[in-house]
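Descriptive structure summary
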Amino acid sequence: DRMVIDSSGRITMPNQPAFSVKPASNQTNLSGDTNVTVVMDSEAYDVGANFASNTFTAPVTGKYILSFILYGSQLAGDTSYMEAAIETSNRTYVNIQEPSGSESVYAGTTVTAVADMDANDTAYCRITVGSSSTFDVANVSIFCGALIC
């Protein structure tokens, strides 16, 4: 079945492109002042097999909900900024933070977007931390998405 409408009117489309991935292990000592692609190499699911090499490739034109949930550590309190982003072929969706304090801290954020993607457009997650700081991405971080219309 490509689409199921149950007796209550609920619709499921089990072949809609959808994915949820995370790092298999912590990604440590990421250098400051550099855009770093987050390694997402452990799939929870990948309906349609559209996720590979840290990147989701849209199989059809449409609107996709994308979410990057970042959990990290060892961010120096005096770092000038931490930026998490979902990079797509058409646009960058960013969340930027300025840490406060003087000790290394845990850091987390979420970037969510409804992205207009054409067939074969791509999306991946990246982070950037300011200055000479380093940063660790924990293996509980998640990148997920689905075609919504």
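Residues numbered from 1 in each chain as written. Predicted model: local features only at pLDDT ≥ 70, side-chain atom pairs only at ≥ 80, totals over all residues. Heavy atoms only, no water.

Along its length, the chain carries zero helices and 15 strands. Projected onto its principal axes, the C-alpha positions of the chain cover 60 × 30 × 25 Å. Out of the 149 residues in the chain, the part that is buried amounts to 42%. In the chain, the share of contacts with a sequence separation of at least 24, taken over all contacts with a separation of at least 6, comes to 73%. In the chain, 6 positive and 15 negative side-chain charges are present, and the distance between their average locations comes to 11 Å. (Helix = DSSP H or I, 4+ residues; strand = E, 2+ residues; numbered from the N terminus. Buried < 20%, exposed > 50% of the residue type's maximum accessible area, 1.4 Å probe, protein only. Contact = heavy atoms within 4.5 Å. Lys, Arg positive; Asp, Glu negative; His and termini not counted. Charge placed at Lys NZ, Arg CZ, Asp CG, Glu CD.)

This paragraph deals with unusual backbone geometry. Positive phi, close to 50°, is recorded for Ser53, a residue that is not glycine. By the element assignment, Ser53 lies in the loop between strand 7 (51-52) and strand 8 (55-57). Positive phi, close to 70°, is recorded for Asn54, a residue that is not glycine. Tracing the backbone through its elements, the reader meets Asn54 in the loop between strand 7 and strand 8.

Looking now at the packing of aromatic side chains. Inspection of every chain in the model, using the stated rule, returns six aromatic pairs. Relative to Phe56, the ring of Phe19 lies with its centre 4.7 Å away and its plane at 20°, an arrangement referred to as stacked. Separated by 37 residues along the polypeptide, Phe19 in strand 3 (residues 18-22) and Phe56 in strand 8 bring together distant segments of the chain. Here the two residues Phe19 and Phe56 agree in accessibility, since each one is buried. Between Phe51 and Phe143, the ring centres sit 6.2 Å apart and the planes meet at 70°, which makes this aromatic pair edge-to-face. On the criterion of sequence distance, the pair formed by Phe51 in strand 7 and Phe143 in strand 15 (residues 142-147) is long-range, its members being 92 residues apart. (Phe/Tyr/Trp six-rings, centres within 6.5 Å; stacked < 30°, edge-to-face > 60°.)

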